[in-house]
Amino acid sequence: MTEILNRSKYHYWMWRQEGTSDKLSIHYQQMRVLKKKLRSEQRKIESAKRQSKFTDIMSLSDRNDKNFYTLINNQRNLRSSVTSILKYDNKIINTEEEILDTWASYYEKLATPVDNPDFDDTYKLIVEQDISALTDTYTNNRDTLAPVSEKEVVQIINSLKNGKAPDASRVTCEHLKFGGKTLSYVLTSIITFSFSNHIIPTVFKNGLACPVFKKKGKPKEDPGSYRKITITNPVGKLTEKLHLVRNKDNISNIQSPLQKGFTQGEIPLVAALILTELHTEAKENGNPLIIALTDAKSAFDSKWKKLVNSLVNYYWITKLKSEASEKSSLNLLNYTDAEFGSIHSIWNTCGSEPYSTLRACIKSKLACNTYTLQCDKSKFSKRQISAICPLCGIEDENRLHFILRCSSLDNVRNSFIQSLKTFIKDVVTTKLYDELFSSEINTLQLIIDCSVFHFLSRGDVFKVECITRGLCFKLHQVRSNLLR
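So, how was this worked out
Here the residue numbering is sequential within each chain, running from 1 through the sequence in written order. Restriction of local features to residues with pLDDT of at least 70 applies here, the model being predicted, together with a cutoff of 80 or more for giving and counting side-chain atom pairs; totals for whole chains, interfaces and linings are based on all residues. Hydrogens and water are ignored here; the side-chain numbers use all heavy atoms of the structure. Ring geometry is summarised as follows: Phe, Tyr and Trp rings, the Trp one being its six-membered ring, pair when their centres sit within 6.5 Å, and such pairs are stacked at plane angles under 30 degrees, edge-to-face over 60 and tilted between the two. Segments assigned H or I by DSSP are reported as helices when at least four residues long, segments assigned E as strands when at least two residues long, and all are numbered from the N terminus. Throughout, exposure labels follow a simple rule: accessible area from a 1.4 Å probe, protein chains only, divided by the maximum for the residue type, with under 20% read as buried, over 50% as exposed, and the rest as partly exposed. Distance and angle both matter: a charge sits over a ring if NZ of Lys or CZ of Arg is within 6 Å of the ring centre and within 35 degrees of the ring normal. Arc, as used here, means the arc of the directions from the helix axis to the C-beta atoms. Every case where a carboxyl oxygen of Asp or Glu lies within 4 Å of a side-chain nitrogen of Lys or Arg is listed as a salt bridge. Like-charged residues within 9 Å of one another, or nonpolar side chains (Val, Leu, Ile, Met, Phe, Trp, Tyr) within 5 Å, are grouped into patches, provided each residue has over 30% relative accessible area and no salt bridge. Only the protein chains shown count as cover for residues, and the accessible areas themselves come from Shrake-Rupley with a 1.4 Å probe. For the purposes of these results, a polar contact is taken to be a pair of N or O atoms within 3.5 Å, where, inside protein, one atom must be able to donate a hydrogen and its partner to accept one; residues adjacent in sequence count only when each atom of the pair is a side-chain atom. Should any heavy atoms of two residues lie within 4.5 Å, those residues are counted as being in contact.

As annotated in an unreviewed UniProt entry, the protein carries the name Reverse transcriptase domain-containing protein and is attributed to Mytilus edulis.

Just to check I follow, could you spell out the packing of aromatic side chains for this structure?
Each aromatic ring pair is characterised by the separation of its centres together with the angle its planes make. With the rule as written, the count across this model stands at 10 aromatic pairs. On the basis of an interplanar angle of 50° and a centroid distance of 5.1 Å, the ring pair of Y433 and F437 is categorised as tilted. Pair noted here: Y433 and F437 are both in helix α19 (residues 430-438), with a separation of four residues, about one helical turn. Accessibility assignment for this pair places Y433 and F437 in one class, buried. Grouped by ring-pair contacts, the aromatic residues Y88, W103, Y106, Y107 and Y226 constitute a single cluster. Sitting over the face of the ring of Y107, K228 holds its NZ or CZ atom 5.2 Å from the ring centroid.

Got a minute to help me understand helix α6 (residues 150-159) in this structure?
Residues spaced three or four apart along an α-helix face the same direction, because each turn holds 3.6 residues. Listed in full, the buried residues belonging to α6 are V153, I156 and I157. Seen along its axis, α6 keeps its buried residues to an arc of 105°; they face one direction. Set apart from the buried face of α6 by more than 90 degrees, the exposed residues are K151, Q155 and N158.

Sorry, what's going on with the pattern of salt bridges here?
A side chain with one charge can pair with a side chain of the opposite charge if their charged atoms come near. A complete count under the given rule lists eight salt bridges for this structure. One salt bridge connects E395 with R405, and the closest N-O pair in it is separated by 3.4 Å. Highlighted residues: E395 in the loop between α16 (374-380) and α17 (399-405) and R405 in helix α17, separated in sequence by 10 residues. With relative accessibility at 36%, the residue R405 sits in the partly exposed group. Note that E440 is salt-bridged to R405, the shortest N-O span being 2.6 Å. One end of the pair, E440, is in helix α20 (residues 440-448); the other, R405, is in helix α17, with 35 residues separating them in the sequence. You can call E440 partly exposed: its relative accessible area is 35%.

Help me understand a nonpolar patch on the surface in this model?
Together, L258, I274, L278, L289 and I291 make up a nonpolar patch on the protein surface, roughly 420 Å² of accessible area in all. Residue position: L278 is located in helix α11 (residues 268-285). On the accessibility criterion, L278 (44% relative accessible area) is partly exposed.

Looking at this model, I keep getting lost on the side chain of H401. Mind explaining?
Tracing the backbone through its elements, the reader meets H401 in helix α17. A distance of 2.8 Å separates polar atoms of two side chains, one belonging to H401 and the other to E395. The residues contacting H401, other than those within four sequence positions of it, are C389, C392, E395, D396, C406 and R413.

See below:
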């Protein structure tokens, strides 16, 4: 399995290095095949484990009650223990029964309203009056929901995801899917009765609370280091989805336009963008800004940080690309594929050897058009200095002339160009080869920044960079010596 996983990761990496989302890529196809094979091996191992447990249970002696029930409990126990102790209310709890009771007490306390002497009593009274008014409104002015059809029930059941953990009653979505026509008929009758009488059975609302450790250096014995995940009843999920189908239009009409989470067609990332813009505006204008994050530390700390970081990164990389597109000097630099935290191929392929780094410096200057040539001197002197190439005296010395045309540098250039042609001929089609070398602009692009050509693999880019890095540096050396 380790070998399959490593090969899958390799092909995924190679696919990403191609710089496209082409799902016809050989690396993408290989990754899919290996993932399928990996899942197959995982299922085989899990099946073998289950079969081994069943074999142990069935092979036990009828009189060996202790081992029998031990195996049964292990088979049914889906919890994975992170810690054997908890610290709560200045007490250390270390037995299984006490730990379960502590979790129950902890979550009950979180869900129970408490009086805080520092709370604004006037505001509290207003909130209580609003709750009372809303409760009265929705209790006495309910619209009858349309009856549920069996077809709707079956459709929603089939949309539920497989492989989810069972609820407290050990019921899963698969039970509903394979329950047949009798079960779908019974569920249709129950849910229709529930909607018509505005009553949701308590069992539909029951859930199994599962503490999930947040990791990242948090103390394992502190209940606050865990996020509560509730495994709800599948029939309750079915009822919620059927109710949502009947009310989604009403909900979308009355909910705030700033509500971005749990809303079809919206993403929380937009809410983070709004928040970031508000923060920036308040900072620029010197205005105070108070941001209240409800239960952010207990429930969404790591997710919120990732969300904000992702948004900030997206904002700046988008701004970078937008500004780069307005700079004519960067027309040969492949900034469109830039990603936050990634290194450009000019530097990613040069290594850490000082001589290679020096050559990469020269090439990066040419790529950014900051390498000073005669046309630049002429522009900076307001045409007081001639832009004609001081080496050959034929035409203006710009990047194209310096790298491909200057006759005084032909002896240096030819060997590198020939090496480049030989390599490219082996890795691309004849048509692509002709397009690259029949056009000076395409050839110049290949030399300056070949990563823009997505048909080149990561290995191809590495080889082209090695050749062209040497070409640019050698042209620089010879030019400097001739101008002394």
